[in-house]
Amino acid sequence: SQVPRPIHTLSPDLINILKNRVESTLVAVIKQNKHSRYFSESPVFADFHSALRNSGRDHDDDTPDDILLKTFRSTIPLTSYDSYEPFVNKFLEETCREDDVRDMFSPGLPYYIAVTSSTSSPKPKFFCKYQHQLPGHNVLHNAGQTFHSFSLHYRQLVQVQNRNGDTVAAIPAGLGSSGMFRMRNGLDVANDHLNMKSASDWATSPFAAGFVHEYRTFLLTHTLFALANNKIDTILILFSTSAVDMIRYMEEEWDSLLASIETGELPPWDGIQHVREYLQLHFPPRPDRAAELRAVGKATDQPGWLVKIWPMLKTIFSVGSGVFSVAVPKLRFYSGPDVQLCGIGYASSEAYIAAVYDPSDLNLFKVTSEDIFEYLDVTKEENASNVVPPWLVEVGKLYEIVCTTRDGLWRYRFGDVIEIAGFDPTDGSPLIRYFERRNTLTWMAGGLLTEKHVTAAILAVQDTLGPITEFTAIIDSHSGIPTLVYLVEVHGELHPDAAKAPKRLHDELCRLNEAFDPQRMQIPTIRVLKRGTFAEYRQWRIGVTNSGSGQTKVPVLLWDKAAQEWMLAHVQREL
């Protein structure tokens, strides 16, 4: 069905529809979570309780909705992980007592704990996720046979004990996407001994594939089961960069993959020993399919290789906005013109923010209604008085997202800056585009350098440098003058004029921000990495952090010193 054209102003009727929906959801969240340990005990929320006490209603569950809303708006400040961390740390203590953690952020115990990938902070953050009614935004609702690279790995298992020392709950802490996949499919961690033996009727991989942790083997295992099936019409891989990694690994291992499909014997990969017998249950010999694939061959230099492998392929779902947009051209090359690339949605460990609005636009999302999203104008002072509700946002303006969630966050600052692109004419919901991370910037040559500048500049010089598969950047201050250093991986050969790319980068950065002084702005350095470096980085990073195979992101600006050194050791050429 055709997507309704976004509108730029809300009618009075749509304002009322949107306002009533948001306020009823907010009231429900306040009533559900106002007696939680975090909200009751953190000094951050003391003004809320004082205001209700002064009105004689602090312990009154029949407080009128209008008073709850007014009190929320006038007393709840902007919050950050600093106030949340001491409470979530109770789950991470050596002995986790039920009495210490029940009703911590929301009633009961969490189903899983989402752990961030520590892309934009020095250490991971942990967010408790409770079992609510699942959102209806399932991108696979119309899919047939699906190549889905799901992960069921967790970095630790939190054993919650009662006063007798008995375990009353086992809570996996790991990828947010893994926890959501478990919740959506009823794959409780207590039943993993049974889950490992099972398979779904729609995903090509058995559940045992989700327990493979090592990045390369994880992707290859899912790819092996997908290759064995010629009826795949949908691919879902979380990030477009991982989808490109998958294609590269498939090319490198092509002969061994086909040999396994022919014989029904799994390859001797590292990292599958613990699930090998369960994978083998679902992997019979398929000599006819192996013959089909041999006839196709490794046609990676031809557009549309994926359609030759899977003739029924119609859709690839993957995150292709923000930093991941750089991998989209290569993914389009491999998928060909008739396969639609679609986003998965806009999500983080903290919340599911927005669903895909227009499948043809990888950076246009419709804000969801299960949680509360408010908007902090980036041009104004960073306090709660400058937060506006969704019916007062303006098209074209930039805002930082602020959320209050069913899982117990209160006016929490995401750090993501979005642009308002319009409103859905059917229900008034804001439509947004990801813009950049807030405060991920540095002062340089008289102006502020943002993620947006770094990304836009390097993409603008591809016609001089060569097609970029992926990139990151570091700030080199060894000379005393900050210099931008790009680390890039190029698809194919460098352009004959590649030596001119650094000067073009300099000019492009100065064009993007007129505050930069061209005389003071150092000409950036471009360091070309060996082919496959970013895929190897993800594998290295997952091993170092014990994060899941679906989550490792490479930031636009790389600040981590160990990560910088790792990348610099893989430089092949400097421009």
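If you're wondering where the values come from, they're calculated on a predicted model, not measured in any experiment.

Break down the nonpolar core for me, citing the residues and quoting the values.
Counting residues in hydrophobic clusters, the biggest one holds 60 residues, and the most contacted among them are Tyr84, Phe91, Phe105, Tyr346, Phe373 and Ile432. When residues in this core are grouped by element, the largest group, six residues, is from helix α1 (residues 12-33). With near-sequence residues (within four places) excluded, Tyr84 lies in contact with Tyr38, Phe105, Phe126, Phe127, Cys128 and Leu409. Val212, Leu224, Leu279 and Leu341 belong to the second-largest nonpolar core, a separate cluster that totals 57 residues.

So, the pattern of salt bridges: which residues are in play, and what are the values?
Applying the stated criterion across every chain yields a total of 34 salt bridges. The shortest N-O distance in the salt bridge between Asp407 and Lys129 comes to 3.4 Å. A residue pair is termed long-range when its members are at least 10 positions apart, and Asp407 in the loop between β15 (398-404) and β16 (412-423) and Lys129 in strand β3 (residues 126-129) qualify at 278 residues. With respect to burial, Asp407 and Lys129 carry one shared label: buried. Here Glu374 ties to Arg411 by a salt bridge, and the two come within 2.9 Å at their closest N and O atoms. Separated by 37 residues along the polypeptide, Glu374 in strand β13 (residues 372-377) and Arg411 in the loop between β15 and β16 bring together distant segments of the chain. For the pair Glu374 and Arg411, a shared accessibility class is recorded, and that class is buried. Each member of the salt-bridge network shares a partner with another, and the members are Asp245, Arg248, Glu470, Glu489 and Arg538.

I'd like a description of the sheet that holds strand β2 (residues 112-115), backed by residues and values.
Pairing is mixed across the open sheet formed by five strands, whose spatial order is β1-β5-β6-β2-β3. What marks the edges here is a single partner per strand, and that holds for β1 (96-97) and β3. Taken together, the two bridges between β1 and strand β5 (residues 154-161) define a ladder with parallel strand orientation. Paired with Arg97 across the two strands is Gln161, which belongs to β5. Packing against the sheet, helix α7 (residues 176-185) makes contact with β2, β5 and β6 (167-174), and its axis sits at approximately 155 degrees to β2.

I'd love a proper account of the pairing of strand β22 (residues 525-529), names of residues and values included.
Of all five residues in β22, five are buried, a share of seventy percent or more. Covered by surrounding structure in β22 are Thr525, Arg527 and Leu529 together with Ile526 and Val528, the residues of both alternating faces. Looking at chain direction, strand β21 (residues 483-490) and β22 are connected through four bridges and run parallel. Residue Val488 lies in a different strand from β22, and its bridge partner there is Val528. The pairing of β22 with strand β23 (residues 571-574) spans three bridges and is classified as antiparallel. If you follow Val528 over to β23, its bridge partner there is Arg573.

What counts, and where the lines are drawn
Along every chain, residues carry numbers that run from 1 in the direction the sequence is written. Owing to the predicted nature of the model, reporting of local features is limited to residues with pLDDT of at least 70; listing and counting of side-chain atom pairs is limited to 80 or more, with chain, interface and lining totals taken over all residues. Side-chain calculation: all heavy atoms of the structure are included, whereas hydrogens and water are not. Each nonpolar core is a collection of buried residues, namely Ala, Val, Leu, Ile, Met, Phe, Trp, Tyr and Cys, held together in the definition by side-chain atoms within 4.5 Å. Buried residues are those whose accessible area, probed at 1.4 Å on protein chains only, stays under 20% of the maximum for their type, while exposed residues exceed 50% and partly exposed ones sit between those limits. Strands are runs of DSSP state E lasting at least 2 residues, helices are runs of H or I lasting at least 4, and numbering of each runs from the N terminus. Contact definition: two residues touch when any of their heavy atoms are within 4.5 Å. In what follows, salt bridge is the name for a side-chain nitrogen of Lys or Arg lying within 4 Å of a carboxyl oxygen of Asp or Glu. What makes two strands pair is DSSP finding at least two bridges between them. Inter-axis angles, ranging from 0 to 180 degrees, are taken between N-to-C directions of lines fitted to C-alpha atoms, where helices are fitted over the stretch in contact.

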